[in-house]
Structures are given as C-alpha cells and as structure tokens.
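# Coordinates in review
One letter stands for each residue in the lines below.
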Amino acid sequence: MKVESVFAPLIAPRMDRIKPSPSAVVTQRARELRATGRDIISLSIGEPDFPTPPHICEGAVEAMQRGQTRYTTVDGTPELKQAIIGKFKRENGLEYKTNQITVGAGAKQVIFNAMMATLAPGDEVVIPAPHWVSYTDITLLAEGVPVIVPCPQSQGFKLRAEQLEAAITSRTKWIILNSPCNPTGAVYSRDELKALIEVLLRYPQVHVLADDIYEHVLFDGRQFFTPAQVEPELYERTLTVNGVSKAYAMPGWRIGYAGGPPTLIKAIAKLQGQSTTNPCSISQAAAVVALNGPQGFIPERTAAFQQRRDRTLELLNQVPGLSCHKPEGAFYLYPDCSKLIGRRRPDGCRIENDQDLALYLLDCADVTVVQGSAYNLSPYIRISIATSMELLEQACTRIHRACAELS
Ligand code: PLP
C-alpha cells in the first residue's frame, strides 16, 4: 500500500489560501543573482536604508547589561506601553489607557492578531487596492473574505465614499485604511477621511484598522491624519496600528503596536500568549528609547526621501512607456506601465503583463522591482526609493535603456 493513501498530507489546506510575500521573493532572487556575481540593484526593498540611530542601539545594549533579557508581559512592558501612550497623545492627539495598548513583533503581527482574534468564517474585510500584500493573505488565513475595492490612479489611488458604501454588507467587520499607502504613496487629507467616516458612522458594525506605519514619511509639508483623531465617535471601533520599523529605521527589531478598544486588546494578548509570547525584551527597551528620545533625525530622513522621490520621478517620467504620478508619502513610486504591455523583448518574448516587465527588468537591466499585480492593481510596477540617490540614478538609466529596447 502506498504511504500517501494511509497518511493525510503534511501541509494543512489553510496553507493553500496564502502565497509567499512577492517582494520577499524578488529580494531573495536578487540576493541569489548577486551571489553569482551579477551587479543587481534592488528597488524592491520595503525598509529604510538608513541605520538605526546610535542612541537607540545604545539603549538596547544598556537593557541587556541591566538584565532585561527575560520574558516580559505578553503584550508589552509597562515602560513601552507608557512610551506608546505618550506618542499617541503627542503626535495624534489620541488618549489611550494601558489596557488599550498592545505590542507585537512588528505591525504585521499586530494586524495578524487583530484579524485572527475577530474574524469568523465569511466575515468581510474591505481593502482598497492597490494595497500592502499581507492584508489579503492575513484575512484569508483568518478565514475572512477580502473585499477588494479598486481605487484607480484617476482618483489618486484613494477610496471614495460611494465605493465604501457599495462595498459594505451585513458581513463587513473591518475596513483597512493605509495612509501614506504602500505601494502608491497616496495620503488621505482630513476632508477625504471625513467623507469616508460619514459613511462609516452609518454602519456601526464596521471597525477601522488604520495602518499608520508610514506616518512620518510625508512629503511637501503635508499633515498626517488618522481616523480615530478625525472623528472621536470612531475611536471606540478603531485599531490604530503603528510601529518603529519605518520611522526609526528598526525593521529587524520587530516592534509594532496599536491602540484600540480594551476587549480587542485583551483578545490579542490572549492569542499572542499562545503563539509568540512577548516581543523581544531588548527590542522593547530600544523602542522605549526611540519613542521617548530625540525625534529630530526623522524629518531629516524624510527630506532625503523627498529629494530621491523628486529625482527618481523626473528620471522615470523620461522612460519611454512609463508614466508616474507624484507620491505624497511613503518610500515607493508606482509608475503606470500600460504602454509597455504587448511589446516584445529583444529576444522576441512578449511582455504580457507587469510581472513579465518586472522579470525583464531583472533579466536585462539587473534591477529588481515588484509587479503591480502583487498589490492588486495592474499594470504598474513598484519602485522603492529606500536606496542611495547614486544607485537610484544608475537604476533609472538601466530601466530607461531596457524599456527603449522593447519593440
Ligand atoms: N504595513 C505596511 C503598509 C507595510 O508596508 C509594512 C511593511 O512593509 C507593515 C505594515 C509591517 O511593518 P512591521 O515591520 O512593523 O511589521
């Protein structure tokens, strides 16, 4: 008798619902090609290229020397929760108590926990597209149904009130809003949020997950707004998610956090207590230093991102077949590549979609980008500007040459 007929397959069916992160796949491919001697420029990276500031690293060393190397409270140390309460008050005008704060291993874990703790099979999550890849996969893993609402470039890649109204059903449990947005850099103004909130006030069963992770990467003097701050009535049903990965250049430290309703925060702690337990104690101590320490380097880094955005935008808009809108925040550009679809590579292969274009740029220009299909809005490519100006200029020259060779 065959072994397969006796034993069930090792891998659970739920794994078929999700896919590996496309940007991680491309970044890994770039690493492999580099190892073979190819000079690859990676524009698929989703993390700042700046180092973690030295005073934060020193905070971590001191924490280790103090012996802060033991388990902590599952969902964050009291010191870190206080620092987060201070941050929400100082920067967002939001008041939270300790039982309204949760800390996880990155904003990703916080979002994962929130969905796992709240979604019953068939519950719907409204996700404006294009969107960060993980929202859909996390929803699917939690047995929810992602309701993708396409937000085309003609509307600034932003969700409109009438679209939100049309997407809500009796099964809608969450809407996810991400501003500044990965991958488009779209930023919601106070008025744009207000228009969405007016709809939400009519549907009290819908909760809001505000993913504010790019809060500080905001260009042209724009002001940041988060839903719970814009409408106090929404506060009770909003989970405001943030973290230290982007603002403090600490993606590897894995600290994300959220403020929200105590019942949800308690459920998240219960789930985390049976999965990963507390986030790294040393990283938590470093996050306290980050949130309570000097903040002056943040606008300096944002100014560097803005200079890169301007230069890269100028160069990309000279590439035959690409046309790029001006992102308002985050560190990505999302050029429209529709004019290149249907063209042929020098080897005769046809570019059928944005994934083919991303592959072509890797094969023939030694540049990694992520295809727009990964973010549920094609045909686009996502270009990260979290790399030096020199490399960005080199990469744009390569992209220009490769696109000019398409016939
Ligand atoms: N939300 C968005 C929109 C992101 O782009 C990312 C990371 O790329 C995250 C959340 C996750 O951040 P963290 O490193 O805190 O898990």
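Because the structure is a prediction, the values reported are computed rather than measured. All chains use their own residue numbering, which begins from 1 and follows the written sequence. Where totals are concerned, whole chains, interfaces and linings use all residues; where local detail is concerned, this predicted model gives features only for residues with pLDDT of at least 70, and gives and counts side-chain atom pairs only at 80 or more. Hydrogens and waters are ignored; side-chain quantities use all the structure's heavy atoms.

## Points about the domain arrangement of the protein
An automatic or database domain assignment provides the domain bounds reported here. Domain annotation of the protein identifies domain 1 (3-51 + 297-404) and domain 2 (70-292). Once you take the C-alpha centre of each, domain 1 and domain 2 turn out to be 25 Å apart. Two residues qualify as a contact provided that any one of their heavy atoms is within 4.5 Å of a heavy atom in the partner residue. Contacts between the two partners involve 35 residues from domain 1, matched on the other side by 37 residues from domain 2. Summed over both sides, the interface between domain 1 and domain 2 buries roughly 3100 Å², with carbon and sulfur atoms accounting for 59% of that surface. Salt bridges are defined by distance alone: a side-chain nitrogen of Lys or Arg within 4 Å of a carboxyl oxygen of Asp or Glu. Applying the counting rule to domain 1 against domain 2 returns four salt bridges. Ionic pairing is found between K158 and E328, a salt bridge with its closest N-O pair at 3.4 Å. Pairing of N or O atoms within 3.5 Å defines a polar contact, subject to two protein rules: one partner must be a possible hydrogen donor and the other a possible acceptor, and residues neighboring in sequence count only if both atoms are side-chain atoms. Viewed at the interface, domain 2 and domain 1 are joined by 19 residue pairs in polar contact (both at pLDDT 80 or more). Mapped onto the side of domain 1 that touches domain 2, the elements with two or more residues apiece are helix 12 (297-316) and strand 9 (332-333). At seven residues, helix 12 tops the list of elements feeding residues into the side of domain 1 that touches domain 2. By convention, the term buried area covers the 1.4 Å-probe accessible surface removed from two parts as they join, with the contributions of both added. Strands here are runs of E lasting at least two residues and helices are runs of H or I lasting at least four, both read from the DSSP assignment and numbered beginning at the N terminus.

## Overview of the environment of L264
Tracing the backbone through its elements, the reader meets L264 in helix 10 (residues 262-273). Through-space distance from the C-alpha of L264 to that of A210 is 15 Å; in sequence the pair is 54 residues apart. The contacts of L264, once residues within four sequence positions are left out, are T118, W174 and L239.

## Structural notes on the sheet that holds strand 8 (residues 256-259)
Following DSSP output, two strands are said to pair if at least two bridges run between them. Pairing in this open sheet of seven strands is mixed, and the strands run 2-8-7-6-5-3-4 from one edge to the other. On the outer flanks of this sheet lie strand 2 (101-104) and strand 4 (145-150), each paired with one strand and no other. The average angle at which neighbouring strand axes cross in this sheet is 20°, direction not considered. Relative to strand 8, strand 7 (residues 238-243) runs antiparallel, the two sharing four bridges. Counterpart to V241 in the pairing with strand 8 is A258. Helix axes use the C-alpha atoms of the stretch in contact, all axes being lines fitted to C-alpha atoms, and the angles between their N-to-C directions lie in the range 0 to 180 degrees. In the packing of helix 10 onto the sheet, contacts are made with strand 2, strand 5 (172-178), strand 7 and strand 8, and the angle to strand 2 comes to roughly 25°.

## Overview of the site of the ligand
If you check the shell around the ligand, you find 13 residues, and the closest are A107, D211, S245, K246 and R254. In this structure, a nitrogen atom belonging to the ligand sits 2.5 Å away from a side-chain N or O atom of D211. Here K246 contributes a side-chain N or O atom positioned 2.7 Å from an oxygen atom of the ligand. For the accessible areas, the method is Shrake-Rupley and the probe is 1.4 Å, while residue cover comes only from the protein chains on display. Burial of the ligand by the protein chains amounts to 92% of its free accessible area of 400 Å². Looking at the shell around the ligand residue by residue, the class counts come to five nonpolar, four polar and four charged. A cutoff of 4 Å decides nearness: a residue is near a molecule or strand if any of its heavy atoms lies inside that distance of it. Here the term charged refers only to Asp, Glu, Lys and Arg, the term nonpolar to Ala, Val, Leu, Ile, Met, Phe, Trp, Tyr, Cys and Pro, and the term polar to all other amino acids, Gly among them.

## Considerations on the pattern of salt bridges
One pass over the full model with this rule turns up 24 salt bridges. Here D123 ties to R171 by a salt bridge, and the two come within 2.8 Å at their closest N and O atoms. Residue D123 is located in the loop between helix 5 (107-118) and strand 3 (124-129), and its partner R171 is located in the loop between helix 7 (161-167) and strand 5; the two are separated by 48 residues in the primary sequence. Two residues, E352 and R350, come together in a salt bridge whose shortest N-O distance is 3.3 Å. Residue classification places E352 among the partly exposed positions, given a relative accessible area of 45%. Connected through salt bridges with shared partners, the residues K158, E192, D220, R222, R309, D310 and E328 form a single ionic network. Remark: exposure states derive from per-residue accessible area (1.4 Å probe, protein chains only) relative to the maximum for the residue type, with buried under 20%, exposed over 50%, and partly exposed in between.

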